[in-house]
Amino acid sequence: MKSSEDSVVGAMSIGALAARFGLASHVLRHWESMGLLHPGRDAGGRRRYGADDLTRVAIILISKEAGLSLDTIRSLSATVDRATRHEILRPEAEALRSRIAAARASLELIEGGLNCEHEDVTQCPNYRRLIAERVGPRVPAQGRG
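Criteria and thresholds
- Counting restarts for each chain, with residues numbered from 1 along the sequence as it is written.
- With the structure being a predicted model, the display of local features is reserved for residues of pLDDT at least 70 and the display and counting of side-chain atom pairs for 80 or more, all residues being used for whole-chain, interface and lining totals.
- Note: side-chain values were computed over all heavy atoms of the structure, leaving out hydrogens and water.
- Here, nonpolar core refers to any group of buried Ala, Val, Leu, Ile, Met, Phe, Trp, Tyr and Cys residues whose side-chain atoms link them within 4.5 Å.
- Per-residue accessibility, obtained with a 1.4 Å probe over protein chains only, is compared with the maximum for each type, and a residue is labelled buried under 20%, exposed over 50%, and partly exposed between these values.
- A helix here means a DSSP run of H or I that spans at least four residues, while a strand means a run of E at least two residues long, and both kinds are numbered starting from the N terminus.
- Throughout, a contact is declared for two residues whenever any of their heavy atoms are within 4.5 Å.
- Think of a salt bridge as a Lys or Arg side-chain nitrogen and an Asp or Glu carboxyl oxygen that are within 4 Å of each other.
- For helices, the fitted line uses only the C-alpha atoms of the stretch in contact; every axis is such a line through C-alpha atoms, and the angle between N-to-C directions lies from 0 to 180 degrees.
- Put simply, angles under 35 degrees are roughly parallel, angles over 145 are roughly antiparallel, angles from 65 to 115 are roughly perpendicular, and the rest are oblique.
- Each crossing gets its hand from how the near helix is turned against the far one by less than a right angle, where anticlockwise is left-handed and clockwise is right-handed.
- Residue polarity is assigned by list, with Asp, Glu, Lys and Arg as charged and Ala, Val, Leu, Ile, Met, Phe, Trp, Tyr, Cys and Pro as nonpolar; anything else, Gly included, falls into the polar class.
- When we speak of the arc, we mean the arc of directions from the helix axis to the C-beta atoms.
- In predicted models, pLDDT denotes the confidence assigned by the predictor to each residue on a 0 to 100 scale.

*Asks:* Tell me what's going on with the nonpolar core, and back it up with residues and numbers.
*Replies:* Judged by nonpolar contacts, the single largest core of 19 residues is most densely connected at Leu 28 and Trp 31. Of all elements in the fold, only helix 1 (14-21), helix 2 (25-33), helix 3 (51-65) and helix 4 (70-77) reach the threshold of two or more residues within this core. Setting aside residues up to four positions removed in sequence, Leu 28 forms contacts with Ile 14, Leu 17, Ala 18, Leu 23, Leu 37, Tyr 49 and Val 57.

Written out as structure tokens, the structure is:
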């Protein structure tokens with residue numbers, strides 16, 4: 001049977017909060033150890049999570065889905081300064097742009113293979129163009145005699 005404290009509005013146990021987001025309790029403990037969460041405690045010393053903690057967990061999850069590390073999320077949460085926020089996020093945006101470009105190139109290769117009418121994909125003009133772009137200009141052999 002659950003403790004009556006679990007039914008208090010705005011006070012969730014670690015298990016209830018973890019279940020709400022589909023997380024394991026140890027994840028919330030880890031985030032707390034990193035300074036990302038700051039739950040209150042009840043008289044027995046058990047963690048109690050309120051509405052602000054729900055918001056905080058949602059922010060952490062959204063940030064992780066965006067590719068941010070926990071260290072970056074912690075740095076962002078520690079600042080209210082716009083310039084500092086930009087300093088933190090600028091390299092993250094550039095890294096994401098690079099990953100998007102790589103994913104687009106991968107998709108182009110895969111779709112080229114799907115759309116190629118040649119039996120041997122290495123004979124496909126699109127495939128050959130991609131290989132030529134990767135190889136770059138040919139350097140003439142020197143010293144052959």
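*Asks:* Can you tell me about the pattern of salt bridges, naming the residues and giving the values?
*Replies:* Under the counting rule described, the total for this entry stands at seven salt bridges. Among the ionic contacts, a cluster of salt bridges with common partners joins Glu 32, Arg 41 and Arg 47.

*Asks:* Let's hear about the packing of helix 4 against helix 5 (residues 82-115): which residues, and what values?
*Replies:* Running from N to C, helix 4 and helix 5 cross one another at 155 degrees; their axes reach a closest spacing of 9 Å. The angle between helix 4 and helix 5 places the two elements in the roughly antiparallel class. The two elements helix 4 and helix 5 meet at a crossing, and its hand is left-handed. Side by side, helix 4 and helix 5 meet where Thr 72, Ser 75 and Leu 76 of the first sit next to Arg 85, Ile 88, Leu 89 and Glu 92 of the second. Class assignment for the residues of the contact of helix 4 with helix 5 results in three nonpolar, two polar and two charged.

*Asks:* How would you explain helix 2 if you had to name every residue and give the values?
*Replies:* For helix 2, the set of buried residues is Leu 28, Trp 31 and Glu 32. Viewed along the axis of helix 2, the buried residues span an arc of 105 degrees, placing them on a single side of the element. Facing away from the buried side of helix 2 by more than 90 degrees, the exposed set consists of His 26 and Ser 33. Those residues of helix 2 hidden inside the fold are in contact with helix 1, strand 1 (40-41), strand 2 (47-48), helix 3 and helix 4. One or two steps after helix 2, the chain reaches Gly 35, where phi turns positive at roughly 85 degrees.

*Asks:* Break down helix 1 for me, with residues and values.
*Replies:* Residues of helix 1 that are buried: Ile 14, Leu 17 and Ala 18. Across the axial projection of helix 1, the buried residues extend over an arc of 100 degrees, all falling on one side. Pointing more than 90 degrees away from the buried face of helix 1 are the exposed residues Ala 19 and Arg 20. Residues of helix 1 that are buried make contact with helix 2, strand 2 and helix 3. Positive backbone phi, at 70 degrees, marks Gly 22, one or two positions downstream of helix 1.

*Asks:* Which residues make up the confidence of the model for the chain, and what are the values?
*Replies:* Per-residue confidence for the chain averages 88 on the pLDDT scale, and 91% of its residues sit at or above 70. Element-level pLDDT for the chain is lowest in helix 6 (residues 125-135), with a mean of 84, against a maximum mean of 98 in helix 2.

*Asks:* Run through the environment of Ser 75, naming residues and quoting values.
*Replies:* If you trace the backbone, Ser 75 turns up in helix 4. In this structure Ser 75 comes out as partly exposed when scored by relative accessible area, which is 34%. Considered as a pair, Ser 75 and Ile 88 are 13 residues apart in the sequence and their alpha carbons are 7.7 Å apart.

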